[in-house]
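# Structural features, examined
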Amino acid sequence: MVSDKLELELRRGVVVLAVLSQLGEFRYGYELRQTLAGKGFPIEEGTLYPLLRRLESQGVLSSQWRTDGQPRRYYQRSPEGTELYARLRGSWRGLNEAMDRLMEGDE
Amino acid sequence: MLTTEELVDAYVADVARLLPRGQRADVALELGALLREELAGSDDPLARLRAFGRPAEVAARYGQPLTVIDQGDTRRFVRLSVIGVLVVWLFGAAAADDPVHWYQAYGIQALWWPGFLVAAFGIAGWTRRRWPERFLWRPRASATGTVSRPGRIAAFVFFVAGTVVLVNAAWLLEKLTGGRAAPEAVRALTFDPDFARFPGPLVLALIVASLAHHLVVTIHGRWRPATRKVEVVLGLCFCAVLTAVLFAGPVYQSPAADRTAKSAVAVIVAVSLVDLLVTGRRMARQGSGGSSTARPFAP
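Residues numbered from 1 in each chain as written. Chains lettered and ligands numbered in written order. Predicted model: local features only at pLDDT ≥ 70, side-chain atom pairs only at ≥ 80, totals over all residues.

What chain B contains, in helices and strands, is 16 helices and 0 strands. Relative to its 299 residues, chain B shows a buried fraction of 10%. Long-range contacts, defined as pairs at least 24 residues apart, comprise 65% of the intrachain contacts of chain B with a sequence gap of at least 6. (Helix = DSSP H or I, 4+ residues; strand = E, 2+ residues; numbered from the N terminus. Buried ≥ 20, exposed ≤ 12 C-beta atoms within 10 Å, placed from the backbone. Contact = placed C-beta atoms within 7 Å.)

Written out as structure tokens, the structure reads:
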């Protein structure tokens, strides 16, 4: 359906920001997904897990394997990722304010 | 019935084999661990894995997917592919002796054209991505109606020379060889007397009119609505007269030369008709107000 597709596109634009917001500390994929879903931002696993690897290859995240117990790969924002997060957060707030002004009185 | 563990292993293996070699082991280990955690206690692990996505899609998400034909070029690629293959098939149908010959010589062989287009569009897309600043949009001269005068003058000289050669081919051959040309060669380039009486002069008159029209557009330096209309009228006249030539008596005295000439005329008529169709559609679009692009905010 067109409406589903458009909503998906809208959400896709903020997925990176949502992920970066929760990776100030080390988390592994499943844990991160649960955290995001718990805060009202569910992401499909097929989207999230590859995204973590892509962000890592772009230098935005750093990762490490932890083998105490079940082996898991943990991700955290790199210094570049923290800079990017600050910039995206500023853009998001600016967009949010602009959209609020645009949609003022519609409800 | 496969266990969840076996399903995950099979799924991860299918994803991993589509990844770059260096990434495979690491991604497989991580993805396997994550999926086992996701699917723990699931009633329908197969459905969950299917919802995760086709292995090819998931593998593509892990890296930068390779694009051969840019999305913006896809429609043009499909159109050119279909038209090209159909043209080869149609000409093949006219030239082939029987269906088997057509299938072997044209039916299958025509598929080289889409293959060639894939390579051409792929190289063009890669070049655009590699040097984007060289491919910034610029208004095309044809879109603004302007013409290249040097190019059109060169074309005019070429067309005039071609017409002179076409009309006087036998005489020129005699002159160039000092009268030593083979009689068969001279005969091959000599018009049939009936054609020379009619419709030969009519064809020549249309060629001269086209040359004059070409010259007028060149002097103006741009296309005008009147010259566009004259072009269409001349094109229609040409198609009508040349089609009549195809079905009338011989053009040349030599049967072999006549067959060659008529094949060339058939190609010219086909190309002209396609060109007229495209021009007609463009004029119709412009005539209907240029659609929404001309008046984007008109009520």
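Next comes the rest of the write-up.
Turning next to unusual backbone geometry. Note the cis peptide between Phe 198 of chain B and Pro 199 of chain B, where omega equals 15 degrees. When you line up the elements, Pro 199 of chain B lands in the loop between α12 (193-197) and α13 (200-220).

A few words on the confidence of the model for chain B. All names here are of chain B. Scored by pLDDT, chain B comes out at a mean of 85, with 95% of its residues at no less than 70. By mean pLDDT, helix α16 (residues 291-294) is the weakest element of chain B at 39, and helix α7 (residues 112-130) is the strongest at 94. Predicted confidence for residues 290-299 stays below pLDDT 50, and this span has 4 contacts to residues more than four positions away or in other chains. On the interface metric, ipTM, the complex scores 0.80, and its pTM is 0.58. (pLDDT = per-residue confidence, 0-100.)

Right, let's talk about the sheet that holds strand β2 (residues 61-66) of chain A for a bit. All names here are of chain A. Within the open sheet, the 3 strands sit side by side as β1-β3-β2. Their pairing is antiparallel. Each edge of the open sheet carries a strand with a single partner, namely β1 (27-28) and β2. In this structure, β1 lies alongside strand β3 (residues 72-77), joined through 2 bridges in antiparallel fashion. From the neighbouring strand, Arg 27 faces β3, where its bridge partner is Tyr 75. (Pairing = 2+ DSSP bridges.)

Facing 13 residues of chain B, the contacting portion of chain A comprises 11 residues. Listing elements by their share of the side of chain B that touches chain A, those giving two or more residues are α2 (21-39) and α4 (55-62) of chain B. Counting residues per element, the side of chain B that touches chain A draws most heavily on α2 of chain B, at 8 residues. In the side of chain B that touches chain A, the residues fall into 8 nonpolar, 1 polar and 4 charged. (Nonpolar A, V, L, I, M, F, W, Y, C, P; charged D, E, K, R; others polar.)

In this section: the pairing of β2 of chain A. Residues and elements named next belong to chain A. As defined by bridge partners, β2 adjoins β3 across 6 bridges and the pair is classed as antiparallel. Residue pairing in the sheet places Ser 62 in a bridge with Gln 76 of β3. Hairpin connection of β2 to β3: 5 residues between the antiparallel strands, including Gly 69 at a positive phi of 90 degrees.

We now examine the packing of helix α3 (residues 45-57) of chain A against α4 of chain B. For the pair α3 of chain A and α4 of chain B, the least separation of the axes is 8 Å and the interaxial angle reads 35 degrees. Every residue of α4 of chain B that contacts α3 of chain A at Gly 46, Pro 50 and Arg 53 of chain A is listed here: Val 58, Arg 61 and Tyr 62 of chain B. Looking at side-chain class alone, the contact of α3 of chain A with α4 of chain B contains 3 nonpolar, 1 polar and 2 charged residues. (Axes fitted to C-alpha atoms, helices over the stretch in contact; angles between N-to-C directions.)

This next bit is on the nonpolar core. Ranked by internal contacts, the top residues of the largest apolar core, which has 28 residues, are Val 12, Val 15, Leu 31 and Leu 35 of chain B. Going through the elements one at a time, α1 (2-21) and α3 of chain A together with α1 (4-16), α2, α3 (45-52) and α4 of chain B are the ones with two or more residues in this core. In this structure Val 12 of chain B touches Ala 28, Leu 31, Gly 32 and Leu 35 of chain B, once residues within four positions along its chain are discounted. (Core = buried A, V, L, I, M, F, W, Y, C linked by C-beta atoms within 7 Å.)

In low-pLDDT regions, the fine details of the predicted coordinates are not to be read closely. In the predicted model, chain A carries a mean pLDDT of 92, and the fraction of residues at 70 or more is 100%. Within chain A, no element has a lower average pLDDT than α1 of chain A, which sits at 90, and none a higher one than helix α4 (residues 79-102) of chain A, at 95.

Attention now goes to the packing of α1 of chain B against α4 of chain B. All names here are of chain B. The contact between α1 and α4 brings their axes to 8 Å, and the two run at 55 degrees. Compared by their axis directions, α1 and α4 come out oblique. The chirality of how α1 crosses α4 is right-handed. The residues of α4 that touch α1, namely those facing Tyr 11, Asp 14 and Val 15, are Pro 55, Val 58 and Ala 59. (Parallel < 35°, antiparallel > 145°, perpendicular 65-115°, else oblique. Left-handed = near helix turned anticlockwise from the far one by under 90°.)

So, about the environment of Ala 170 of chain B. Residues and elements named next belong to chain B. By secondary structure assignment, the location of Ala 170 is in helix α10 (residues 169-177). You can call Ala 170 partly exposed: it has 18 C-beta atoms within 10 Å. Separated by 13 residues in the primary sequence, Ala 170 and Pro 183 place their C-alpha atoms 10.0 Å from one another. Those residues in contact with Ala 170 that lie beyond four places of it in its chain are Val 186, Leu 189 and Thr 190.

Here the focus is α3 of chain B. Within α3 of chain B, the full set of buried residues consists of Pro 45, Leu 49 and Phe 52 of chain B. All buried residues of α3 of chain B fall inside an arc of 50 degrees around its axis, so they share one side. Facing away from the buried side of α3 of chain B by over 90 degrees, the exposed positions are Ala 47, Arg 50 and Ala 51 of chain B. Each element contacted by the buried residues of α3 of chain B is listed here: α3 of chain A together with α1, α2 and α4 of chain B. Note on α3 of chain B: the residue one or two positions beyond its end, Gly 53 of chain B, has a positive phi of about 125 degrees. (Arc of directions from axis to C-beta.)

On to the environment of Val 232 of chain B. All names here are of chain B. The topology assignment puts Val 232 in helix α14 (residues 225-247). We classify Val 232 as partly exposed; it has 14 C-beta atoms within 10 Å. For the pair Val 232 and Leu 276, spaced 44 residues apart in the sequence, the C-alpha separation amounts to 6.6 Å. Beyond its immediate sequence surroundings of up to four residues, Val 232 is in contact with Leu 276, Thr 279 and Gly 280.

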